[in-house]
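This is what each chain is made of:
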Amino acid sequence: MDFGYVGHSGPPLKFTFQCIDEPNCPNLRGARVLSDFVNDHMDSGKINDIFCSNGRFLVVFDNRQSFVVFDSVPPLRELRVLYSQLDILLKQLKGLASVAKERPVPDVLVERLTSPIVHVQFHQVSPSSLVLCVVQANGKLGTWEWTPSTCRWKQTAQILVTHNTILHAVFAVNTAKAGYSLVWRETNSSNLHVKNISWKLQTAESSVLVASLGTRRELMKVSADTIFFGTDLGIWVSDKPRSVIQFWDFASVSLFSENVFSEGSTEKVSHMVQHPITKEIVVLSDAGRITVCSHTKNRGKLTVSSVATLSDWETKEENPCIGIDIMHCFLVLYYSTVAKVYTLTSGTLIGTADLPFKLRESKQLLRQAMTGDCPIGLWGDSGVFKLQSRKISEIAQYLYQLSYRNAGESAKLCKLWGLDRLYAKFQFLFLSDIITDFVTSEEKPLEKLEEIREACKALAPCLENPSLLLCLLSEIPSLATITIKEVELFLKRLRASCLPEEKEGEVIPANVAANKKEAYQCYTPLNLTMEAMLSTYYKGPKGEDNKAVKKRYNRKEVLSSLSPQQVLALDYKQLQRFISSHPSLLLEKLEEALNISTFLYPQHANNTGAKKIHSSLYHPIEVLENGVDPTTHVQKYVPYFEILVELYYNHKPTQFISFVNLFPSDH
């Protein structure tokens, strides 16, 4: 089987940036205007921020007092905004408000506020309700609701949050209060303040959502340099020099603190970003080390893990890292002319992308305004661009080509994206690798054994049957319990799949019905041929708890371990399998079990003590002819004589005549 491992590094994969314009984003309403507007106003500094969510871009401009939203809409809706109307929109964005008032552009949301914008967030309040929240420096919260039927925004409220000036604000989903929380810092206070926000229908008959604010509370004292991030459990807080990370837990109303670096470390925080999905804090140090800070509900403490060091990290003052971002499960570092993409788990460089323009500052990176897997990218002289990812299958294969020891990382990547077949492939390669290391190593650490155990459990559901696991674990008897359990489960499902269909009106036990449903995919030609061997491995030929057989799956070893009584207990189907795999050994075992060796090899007569050939060789011919069970199609009586004739003729021809002469003609 070709798994594509070539064992050399090769150049990193090439990623690209895609311009947000009409050809690339035909369903983005106003896409033709977006990049032109940003490009025209870069020199004047009128563009302040660009926020994005899935299918939306919100541009903050005009000293943070205006914004415009570009929405992805169904194709027919996009046709409503004609090119002439887009020209009006462009004039409106350039400040010609009088023209816009005379001929308003339909559907596109453009707002000029009385106070600078501090924070923007899209909230999916319900599956059908999307709300845009804009926090202003004058203490007001503006809300707009998206109407799917018309594909338009409608302003629903302007709420006074505080009478003081807001400097910085974030939103957090407050699970303890079953709603959202707005956390902010004011100019005349050293405290973080919080108010809970809930949405409800304006009237019982109305579909309009209105926001309701709770009472104001103080969380903790902070400095002017404090930055904070919202999560669904609380607030991340970090102050200069960023070497300590804190978390305010909403549920326990407690503050947790942890050092980002180990005691005595001289490392400093270079960049810090929040993961858009997990809400963890990812820290990049000046030594190129990736540290992940996480907080789990009810754990009562923070977890700070140093996960990896970037594989090609260099500290160059003339070309420093300007900013970082998270794309899916990858860390992206932005330099002035290039972006580098690394894995978050190992710090391996997997790709690079040339920037469409020279990046000057981190504020030119797109800011995410919604929880979830939003696009990342940058904006500048040439417009707005998003980073295009390569196919996950290509990235997984590239990681494995860098080093076969990356198979585990490739497997995790494929599992995260639901690529089940590729996940099984790389999980198998990973398991093979760690087993080889364990078997060939002089030391056998328990943690390595546990790693193999977990890898086996992860691979087992991907396999058609457990035979591959038996092969992989054949050199590690101490893990036989894993294979025994998997074989037991497999046999249970396979036999359930062979149960007859229930008759109309027949009630079958719930556990039997569940087993049949699970067993559907077990019923394959390959699995049917594997049943006999796996049954022998699990229970032994007589169904006893044969631990020696359980520990070793190999057919040769199974056959070698059988006593004469166990050999005679094998049915015709099982004997046929041994004939195809180990005929010579089977012949030796049958000679011993049927006392044939006593007569063919007289030198062994004193050892066996046998005086006659076993009676099983003398079945009358009519018994053998009628010896097939019509319900199971299994041979009830084993035709030992015919089997032995075939074995002697093919594998011991010198004893063939001697064997036949042992039997008188009347038999």
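As the structure is a computational prediction, the values presented were derived from the model and not from experiment.

**So, the side chain of Ser238**
Secondary-structure assignment places Ser238 in strand S17 (residues 234-238). Once you skip the residues sitting within four places of it in the chain, Ser238 turns out to touch Asp225, Thr226, Ile227, Val244, Ile245 and Met272.

**Side note on the sheet that holds strand S22 (residues 289-295)**
Read from one edge to the other, the open sheet built from four strands follows the order S20-S21-S22-S23, with strand pairing classed as antiparallel. The two strands at the open ends of the sheet, each matched to only one other strand, are strand S20 (269-274) and strand S23 (302-309). Within the sheet, the average angular offset between the axes of one strand and its neighbour, ignoring direction, is 20 degrees.

**As for unusual backbone geometry**
Cis rather than trans, the peptide bond between Lys240 and Pro241 has omega equal to 10 degrees. Of note, Pro241 is situated in the loop between S17 and strand S18 (244-249). Despite not being glycine, Arg64 shows a phi value in the positive range, around 70 degrees. Mapped onto the elements, Arg64 comes out in the loop between strand S4 (56-61) and strand S5 (66-71). Residue classification places Arg64 among the partly exposed positions, given a relative accessible area of 22%. For His328, which is not glycine, the phi torsion reads 60 degrees and is therefore positive. With respect to the helices, strands and loops of the structure, His328 is situated in the loop between strand S24 (323-327) and strand S25 (330-334).

**A few points about the environment of Phe663**
On the secondary structure map, Phe663 appears in the segment after helix H22 (656-660). A relative accessible area of 13% means that Phe663 is categorised as buried. With 45 residues separating them along the chain, Phe663 and Tyr618 place their C-alpha atoms 9.2 Å apart. Setting aside anything within four residues of it in sequence, one finds Phe663 in contact with Ile613, Leu617, Tyr618 and Phe641.

**Side note on helix H8 (residues 446-459)**
With 14 residues, H8 should cover 20 Å at 1.5 Å per step; its first-to-last C-alpha distance of 20 Å lies within 8% of that length. Inspection of H8 places Leu449, Ile452, Ala455, Cys456 and Leu459 among the buried residues, and these make up the whole buried set. Angularly, the buried residues of H8 cover 120 degrees about the axis, an arc narrow enough to put them on a single face. Structural note: H8 exposes Leu446 and Glu447 on the side pointing more than 90 degrees away from its buried face.

**A word on helix H6 (residues 407-416)**
The buried fraction of H6 is high, at seven of 10 residues. Within the sequence span of H6, burial applies to Ala407, Gly408, Glu409, Ser410, Ala411, Leu413 and Cys414. The inward-facing, buried residues of H6 contact S25, strand S26 (338-343), helix H5 (392-402) and helix H7 (420-440). At the exit of H6 stands Gly418, carrying a positive phi of roughly 70 degrees.

What counts and how
Residues numbered from 1 in each chain as written. Predicted model: local features only at pLDDT ≥ 70, side-chain atom pairs only at ≥ 80, totals over all residues. Heavy atoms only, no water. Helix = DSSP H or I, 4+ residues; strand = E, 2+ residues; numbered from the N terminus. Contact = heavy atoms within 4.5 Å. Pairing = 2+ DSSP bridges. Axes fitted to C-alpha atoms, helices over the stretch in contact; angles between N-to-C directions. Buried < 20%, exposed > 50% of the residue type's maximum accessible area, 1.4 Å probe, protein only. Expected span 1.5 Å × (residues − 1). Arc of directions from axis to C-beta.

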